[in-house]
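Architecture at a glance
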Amino acid sequence: MGVIRVLLAVAGVLLVGGAVPARFGWSSSVVISGSMSPVVEAGDVVVTSPVPADRLREGLVIRFHDPRRPGRYVLHRIVGTTADGRLVTRGDANTVADAAPVPKGTVTGVWRLRVPRLGLPVLWWIEGRHLYLVLTALALAVPPWWLWFRSRRSDRRPS
C-alpha cells in the first residue's frame, strides 16, 4: 500500500509541477540538438517563460519559432541586434551566428529551467531508437511491480 501512495504522490507532484507554470504562460520543450552544449544537451527539457520584447537583451537564451522548419522551435543565445532591431542568435556550441536574424515577434520565451535527460524518451522516439524506449519502460516498470508483488506475498503469510 505504501508503494502505491508514493507513486500517486509522484504523479501528483508531476501534474501540479506541469500545470502551475503553464497557468502563467510558461512552457516546456525537449531539446533535440546539441547546439547549446554544454549548457543544455540533447534530451534535456527546458522551461521558458514569456518575456516582453523590450526586455530582450544580449546574453539571454531564448526560444523562438524556427524560420526554416514551421512548427519547430530553436533555443539559442542572443549575441547581438541588427540595425532594424532583429536579434542575432547563436548556439553556444556553434562557431558562427545563425544565418537569419530573429524578429522579436517570433520569440516565445526566455529560458528559466533545465531538467537534464527528462526528454530522452522523446529524443529516442524521434531518432527511431525504439529499443532504448522498451528498455527504459521495463526498467521503470519492474521495480514497482516487484515491490507490489512482494507486499502481496507478505500479506498472505500467516502470523
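Residues numbered from 1 in each chain as written. Predicted model: local features only at pLDDT ≥ 70, side-chain atom pairs only at ≥ 80, totals over all residues. Heavy atoms only, no water.

1. Quick notes on the nonpolar core
Counting residues in hydrophobic clusters, the biggest one holds ten residues: Leu 56, Leu 60, Ile 62, Phe 64, Val 74, Ile 78, Leu 87, Val 102, Val 107 and Val 110. When near neighbours in sequence (up to four residues on either side) are disregarded, Val 74 contacts Ile 62, Arg 63, Phe 64 and Asp 66. Core analysis: the second largest hydrophobic core is formed by six residues, Val 31, Met 36, Val 46 and Leu 75 among them. (Core = buried A, V, L, I, M, F, W, Y, C linked by side-chain atoms within 4.5 Å. Buried < 20%, exposed > 50% of the residue type's maximum accessible area, 1.4 Å probe, protein only. Contact = heavy atoms within 4.5 Å.)

2. Quick look at the packing of aromatic side chains
Counted by the stated rule, this structure contains one aromatic pair. Positioned above the aromatic ring of Tyr 73 is the side chain of Arg 63, whose terminal nitrogen or guanidinium carbon lies 4.6 Å from the ring centre. (Phe/Tyr/Trp six-rings, centres within 6.5 Å; stacked < 30°, edge-to-face > 60°. Lys NZ or Arg CZ within 6 Å of the ring centre and 35° of its normal.)

3. Comments concerning the sheet that holds strand E1 (residues 27-30)
Spatially, E1-E2-E6-E3-E4-E5 is the arrangement adopted by the six strands of the open sheet, whose pairing is antiparallel. Both outer strands of the open sheet, E1 and strand E5 (87-90), are each paired with one neighbouring strand and no more. Shown here is a sheet whose adjacent strand axes are inclined to one another by a mean of 50°, direction ignored. The pairing of E1 with strand E2 (residues 45-49) spans four bridges and is classified as antiparallel. Each residue of the ladder has a partner; that of Ser 27, found in E2, is Thr 48. (Pairing = 2+ DSSP bridges. Helix = DSSP H or I, 4+ residues; strand = E, 2+ residues; numbered from the N terminus. Axes fitted to C-alpha atoms, helices over the stretch in contact; angles between N-to-C directions.)

4. So, the environment of Pro 101
Along the polypeptide, Pro 101 turns up in the loop between E5 and strand E6 (107-115). Among the residues examined, Pro 101 registers a relative accessible area of 26% and is labelled partly exposed. Considered as a pair, Pro 101 and Arg 86 are 15 residues apart in the sequence and their alpha carbons are 5.7 Å apart. With residues near it in sequence (within four places) discarded, Pro 101 still touches Thr 82, Arg 86 and Leu 87.

5. Let's talk about the pattern of salt bridges
All chains considered together, the criterion is met by six salt bridges. A salt bridge links Arg 114 to Asp 44, with the shortest nitrogen-to-oxygen separation between them at 2.5 Å. Taken as a pair, Arg 114 in strand E6 and Asp 44 in the loop between E1 and E2 lie far apart in primary sequence, 70 residues in all. In this structure, Arg 69 and Asp 66 form a salt bridge, with 2.9 Å as the shortest nitrogen-oxygen distance. Looking at Arg 69, the relative accessible area reads 39%, which means it is partly exposed. Assessed through its relative accessible area of 4%, Asp 66 is described here as buried. Members of the salt-bridge network, linked through shared partners, are Asp 66, Arg 68 and Arg 69. (Salt bridge = Lys/Arg side-chain N within 4 Å of Asp/Glu carboxyl O.)

Taken by themselves, the reported measurements are silent on function.
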